[in-house]
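Letter by letter, the chains look like this.
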Amino acid sequence: MLGFPVLTALIVLPAIGAALVVAIPRTRPEIVKVVALAVSVAVLVLACYGLYEFATGTAGFQFVSRHVWIKQWGISWHLGIDGISLFLVVLTALLFPFALAGSDAHHDVKAYTAWMLVLEAGCLGVFLALDLFLFFVFWEIVLVPMYFLIGGWGYEGRVYAALKFFIYTMTGSALMLVGILALVFIHAGHTGHLTFDLQTLAREQSFSGSTARWLFAAFAVSFAIKVPIFPLHTWLPDAHTEAPTAGSVILAGVLLKLGTYGFLRFGLYLFPKVSHDLAPLLLTLGVVGIIYGAIVAAVQRDLKRLIAYSSVAHLGFIILGTFALTTQGVQGGIIQMVNHGLSTGALFLLVGMIYERRHTREIADLGGLQKVAPVFAGVFMLVMLSSVGLPGLNGFVGEFLVLIGTFISRRWWAVVAATGVILAAVYLLWAYQRVFHGVPEGENLKFPELRWREGAVLAPVLALIVFLGVYPKPVLDRMEPSVRTLVERVDRQAGTHQPSVAQGGHR
Amino acid sequence: MVHLVWLLPALPLAGFLLLLLSGRRLGDPRAGWLGTTMVAGSFAAAALVTAGLYLRAPEHRVVTQTLFDWIPVGGLHVPLAFRVDQLSMVMALFVTGVSTLIHLYSIGYMHGDDRYPTFFVYLNLFVFSMLMLVLADNFLVTFLGWEGVGACSYFLVSFWFERNTAAVAGKKAFVTNRVGDFGFLLGMFLIFAHFGSLDYGAVLGHAGSISSETATAIGLLLFLGAVGKSAQLPLYIWLPDAMEGPTPVSALIHAATMVTAGVFLMARINPILAHGPAAGTTIAIIGALTAFYAATIACAQDDIKKVLAYSTISQLGYMFLAVGSAAYVAAIFHMVTHAFFKALLFLGAGSVMHGMHDEQDMKRMGALRKWMPITSATFIVAWLAIAGVPPFAGFWSKDEILVNAWDKSKLLWGVGVVTALLTAYYMSRQVFLVFFGRPRWQEAADEKAPAEAEAQPEHEPAATEGATTPTGAHGDFRPHESPWTMALPLVALALLAAFGGLLNLPLNHSTEFLTKWLDPVFGSRLHEVTASTGTKWVLFAITVVLVLVGIAVAYAVYLAHRVREQEVEPAVLRHAWYFNDFVSALVSGPIRLFGAWSAYVFDRRIIDGAVNGVATLVRDTGTSVRRLQTGFVRNYALAVAGGAVLLVAFVVARTA
């Protein structure tokens, strides 16, 4: 298969799938589902092929595919994958079949499925694009299907939530567009040729310090909304809670990572010096997110909203790790992105299953479910403990690396952030107690046990939760060269160096 | 033989997985036997490995075994590796040994429970985690076990989750432990920042390379972890509540093994403690205070298990007093003897409750020695051991701690010796109330109705069942002795509690087996007792006299009835100095209110309010310039794009 454009295929395949779905008659939803599942599984297989062929120990981009698109503007179809994006691509490819198989649309399966596949193409495009214009196109594409998924298939407050999501993100996008164009024109003004190519722009940096600051801010606000970083997070609880189950899974599992990925790929890479200078600000916001998200999550009455707020806390850890600017911190951040996608994705799916059974997400209406559905409760427990960061499960690896990576460079931020470890236990265990412990009464007595189909959908994710907790080495090894190169780039440009222990140089 | 060490955790792990997959098919009691066999196998493996270690030359008695790289990132390199040395094998031996006995006991005790196989699933997972904790070759693998035992403790405390108190207690245990784990994590970070490694070998071998302040900080941070796990002041509050778990769990996890993990950790990092002496002093003070504080509370509890819970906290305080006095061997010695007699006390209490149809109130027992001969005989052995009556095991280990404390500080010794008196008193009180005097369960049955509601029968999740059925909890029944699976562990532990002192008799150097064996671990950092032989004898005499006084006072109150019981059980002690009530009020009051304010006022009104305010502003402006509002997204997109172009033009113009 040498020379096969794997990355292009990753984006084109779901797009073709969406077109296929559109072509299927509305009266045959079962064919729609089979086609969509088949396509998304094919994407997963392709992503796994990429994972298999990925050369460990190489920092640069692999599977690069580059075709000139609009020559006079210097825009090209430029895709590539490195240790930073590799696992996000695999995560995306995994979560789509997971979400599609794990939940059903309650009406208009065809349109719903088509939007899901368009969304998949968009998300993969964001992670793969190495051209700023292309990146922006995919970034915007993602917005549309998500808007329709929330607005069309969500719960009671879906219209408000969808609009809020759209406007928030659109505001960010507008700023980013400004940033991209300004960056490109400044570069063109200095070098005389117009290009949107990420690597070229990074290599030939031609702006002054204060300009860099403004440009970074334009990107950062956009990413910060997507992540979301406190205080730009208020679209998240509404969108997550009102979205249909699959929408919440993808929203939490993939879409939030577009923001954190953006910080790595465009923030740190394009503006290393500014990233270093502004790190204290972003670290502070990350820490605030960790604690604030946890406190607010702890008092929620709606189970889905509680998990939504827990994302604010988890994403705070990722921001913390990213701006710790150490190998451990950044790698911890990336692996935390994967872990959060798995754990929170699975949690949203489980909450969706609870809603299907009980038609409520109110914690007060539930109770005693462990008595009637012990296997369901056990699965929930495992995923919850992964989210709490229990060693031996995946969540711990990311959290630990983020915290230790931050501690060695920015000690006091790590100290405050580590209290998040306590808080995570508070809100999740309390929720578990109220939902699963106690004596079931009324409707809860008839709560059905986990079905085989549901178990089969969850099984791969549960297996990964354990595997990544016990043996994260294959993942860490593949990211390390790219992360190391990125951190070294930041250090070089900022004129600093990370603590010697981070690289193994003993004092 | 030493390289069989991986088998120790592997066997209970295999048991866990087998039981998880097929536990329900195996059922009661085969699931229990499977679990017990696995742990017994682990004990056999521990014995083999220890023998292997013993046969090696003394200077080669540290063996590490690496299974695989766990978390390798840059300079951080954490392998999943085991460390076989004198300390880890002492721990592994007593953990697997006591675990085997308690597993065996559980086969009978848990018989008839709805979730019988699940109980052994958790129990095997616990043993696995505990072995990871003690066998680890680096801080992070210890932490893996540390959190793992915490999770198992959570599962098992809330085992009867239908009961709200059990569900709350499990959560409280986990969360409180996490407060301690915060310290453990920061301690590890500080270690990595200074040593560039988390391996015990690399860190402890170079403890001298860091400043004394850093060593103190590391010691205190890790001690915070120990305070949580080993239930010391002020984080002890989860342990009394943890008695909601089934009694074998209380015996295994909340008395013999898990709660001693903090002591083990402190012993493990002894080179760091030696380098930062301020940490040691703090540890000794917290330990002595906790020992005394918990002992006062134990004097006024009526619940048979609550007495033992506070007693455990108190005894753990002794161990930290020892650690803080650099008497590591005494700490480990007391940990082992305590495991014997406290496990025995809990199992005996369980046997009593089993025979008394889940009665836990000691005031409704009495004279049980006539009906439960094995239980009472073994319980009495444990009583003498914990009270510190020579020559039972507890006497030797406690005496060693007190002698060392004398060297550290006369004041701490004073606290310790008064605690010894209290210990003898409350344990005698318990024994007299339960096994001596006149039987009180019949009268309790007559007046049952009002008091019954608050009693929490352990085996019955729905508390009301027992109270309403006419043949229920009391009425016409006779206490009965327990089956052999429960009696055998009692007898075995009684022998250990009686003769455990033989491990380290201070007669002359050749009988101090534990001291000799552990010498390479502690070396010169171990405190050498400086008190003269004469002083030692005086201290010894004082302790014994105070112990006898404690027993005599308990006799006067609870058997001879010279003093009314209520007078020696003040409300402040019955309510544990109101500390727990204070914390609960704080959490459910101001803290909860702050959370609600953050979520519903700050987040919704202020932050989201600002966002919606901007939206409203835009809408109002929009209303006035309504003609622009075509309602088509494309027009807005055009406007956004246009605005963007203007901004670009501005930026470019400024910078070009």
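Cut-offs and rules
Residues numbered from 1 in each chain as written. Chains lettered and ligands numbered in written order. Predicted model: local features only at pLDDT ≥ 70, side-chain atom pairs only at ≥ 80, totals over all residues. Heavy atoms only, no water. Helix = DSSP H or I, 4+ residues; strand = E, 2+ residues; numbered from the N terminus. Rg over C-alpha atoms; globule rule 2.2 N^0.38 Å. Buried < 20%, exposed > 50% of the residue type's maximum accessible area, 1.4 Å probe, protein only. Contact = heavy atoms within 4.5 Å. Areas by Shrake-Rupley, 256 points an atom, 1.4 Å probe, with all protein chains shown as cover. Lys, Arg positive; Asp, Glu negative; His and termini not counted. Charge placed at Lys NZ, Arg CZ, Asp CG, Glu CD. Buried area = accessible area lost by both parts, 1.4 Å probe. Salt bridge = Lys/Arg side-chain N within 4 Å of Asp/Glu carboxyl O. Nonpolar A, V, L, I, M, F, W, Y, C, P; charged D, E, K, R; others polar. Expected span 1.5 Å × (residues − 1). Bend = angle between axes of the 7 residues up to and from the residue. Axes fitted to C-alpha atoms, helices over the stretch in contact; angles between N-to-C directions. Parallel < 35°, antiparallel > 145°, perpendicular 65-115°, else oblique. Left-handed = near helix turned anticlockwise from the far one by under 90°. Disulfide = S-S within 2.5 Å. Pairing = 2+ DSSP bridges. pLDDT = per-residue confidence, 0-100. Polar contact = N/O pair within 3.5 Å; in protein donor to acceptor, adjacent residues only side chain to side chain.

**Student:** So what's going on with the overall build of chain B? Residues and values would help.
**Tutor:** In terms of regular secondary structure, chain B is built from 26 helices and two strands. The C-alpha atoms of chain B give 29 Å as radius of gyration, which agrees with the globular expectation for 656 residues (26 Å, within 12%). Seen through its C-alpha atoms, chain B measures out along the principal axes to roughly 95 × 70 × 55 Å. Taking all 656 residues of chain B together, 60% fall into the buried category. The contacts in chain B between residues at least 6 apart in sequence include a share of 80% that link residues at least 24 apart. Surface accessibility of chain B: about 23,800 Å² in total, with carbon and sulfur atoms responsible for 68%. One way to put it: in chain B the 42 positive side-chain charges average out to a point 5 Å from where the 42 negative ones average out.

**Student:** Help me get a handle on the interface of chain B and chain A, residues and values and all.
**Tutor:** Each partner contributes residues to the interface: chain B has 67 residues there, and chain A has 79 residues. Of the roughly 6,100 Å² buried between chain B and chain A, counting both surfaces, carbon and sulfur atoms make up 71%. Interface area lost by chain B to chain A is led by Phe161, Arg178 and Phe189 of chain B, which between them contribute 11%. Across the contact surface, chain B and chain A share three salt bridges. When residues of the side of chain B that touches chain A are traced back to their parent elements, those giving at least two are strand S1 (63–73), helix H4 (139–157), helix H5 (164–195), helix H25 (579–624) and helix H26 (633–655) of chain B. Considering every element that reaches the side of chain B that touches chain A, the biggest residue donor is H5 of chain B, with 18 residues. Classifying every residue of the side of chain B that touches chain A gives 43 nonpolar, 11 polar and 13 charged.

**Student:** Go over helix H11 (residues 272–298) of chain A with me, naming the residues and quoting the values.
**Tutor:** Taking 1.5 Å per residue as the helical rise, H11 of chain A with its 27 residues ought to reach 39 Å, and the 36 Å between its terminal C-alpha atoms agrees with that figure. Maximum bend of H11 of chain A: about 55 degrees, positioned at Leu278 of chain A, with proline Pro280 of chain A one to four residues after it.

**Student:** Talk me through the packing of helix H15 (residues 374–388) of chain A against helix H19 (residues 452–470) of chain A; I want residue IDs and the actual numbers.
**Tutor:** Residue and element names in this part refer to chain A. As a packed pair, H15 and H19 sit with axes 11 Å apart at the nearest point and diverge in direction by 40 degrees. Classified by the angle their axes make, H15 and H19 are oblique. The two elements H15 and H19 meet at a crossing, and its hand is left-handed. Packed against H15, whose contacting residues are Val379, Leu382, Val383 and Ser386, the element H19 presents Leu458, Leu462, Ile465 and Val466 at the interface. Broken down by class, the residue content of the contact of H15 with H19 amounts to seven nonpolar, one polar and no charged.

**Student:** Give a detailed account of the state of the cysteines, specifying residues and quantitative values.
**Tutor:** The final tally for this structure, using the stated rule, is zero disulfides over all chains. Unpaired in this structure, Cys48 of chain A has its nearest cysteine sulfur neighbour in Cys123 of chain A, at a distance of 17 Å.

**Student:** Requested: an account of the pairing of strand S1 (residues 62–70) of chain A, with residues and values cited.
**Tutor:** Successive residues of a regular strand alternate their side chains across the two faces of the sheet. Judged from the six bridges that link them, S1 of chain A and strand S2 (residues 75–81) of chain A form a sheet pairing that is antiparallel. Note that in S2 of chain A the partner of Arg66 of chain A across the bridge is His78 of chain A.

**Student:** Describe in detail the confidence of the model for chain B, supporting the description with residues and values.
**Tutor:** Residue and element names in this part refer to chain B. Chain-level statistics for chain B give a pLDDT mean of 89 and a share of 93% at 70 or above. Throughout residues 448–457 the model reports pLDDT below 50, and contacts reaching past four residues in sequence, or to other chains, amount to 13 contacts. Overall, residues 460–475 carries pLDDT values under 50, and its contacts beyond four positions in sequence, including any with other chains, amount to 20 contacts.

**Student:** Account for the environment of Phe155 of chain B, naming residues and giving values.
**Tutor:** When you line up the elements, Phe155 of chain B lands in helix H4. By relative accessible area, Phe155 of chain B is classed as buried at 14%. Spatially, the C-alpha atom of Phe155 of chain B lies 9.8 Å from that of Phe126 of chain B, the residues being 29 residues apart in sequence. Those residues within four positions of Phe155 of chain B in sequence are excluded, and the remaining contacts are Met381 and Leu385 of chain A together with Tyr122 and Leu125 of chain B.

**Student:** An account of the pattern of salt bridges is requested, with residue identities and associated values reported.
**Tutor:** All names here are of chain B. Under the definition given, this model contains 34 salt bridges over all chains. Between Arg268 and Asp85 there is a salt bridge, and its shortest N-O distance comes to 2.8 Å. Within this pair, whereas Arg268 is found in helix H10 (residues 261–268), its partner Asp85 is found in the loop between strand S2 (76–84) and helix H2 (86–109), the two being separated by 183 residues in sequence. Between Glu569 and Arg429 there is a salt bridge, with the nearest N and O atoms lying 2.9 Å from each other. In this pair, Glu569 is assigned in the loop between helix H23 (533–558) and helix H24 (571–574) and Arg429 in helix H17 (residues 410–435), connecting sequence segments 140 residues apart. Judged on exposure class, the residue Glu569 and its partner Arg429 are both buried. Via salt bridges that share partners, Asp302, Lys363, Arg429, Glu565, Glu569 and Arg574 belong to a single interconnected network.

**Student:** If you had to explain the side chain of Asp85 of chain B to someone new, which residues and values would you point to?
**Tutor:** Residues and elements named next belong to chain B. The exposure class of Asp85 is buried, given its relative accessible area of 3%. In terms of polar contacts, Asp85 uses its side chain to reach the backbone amide nitrogen of Leu87, at 3.2 Å. Every residue in contact with Asp85, bar those within four places of it in the chain, is listed here: Leu53, Arg61, Val62, Arg268 and Val521.

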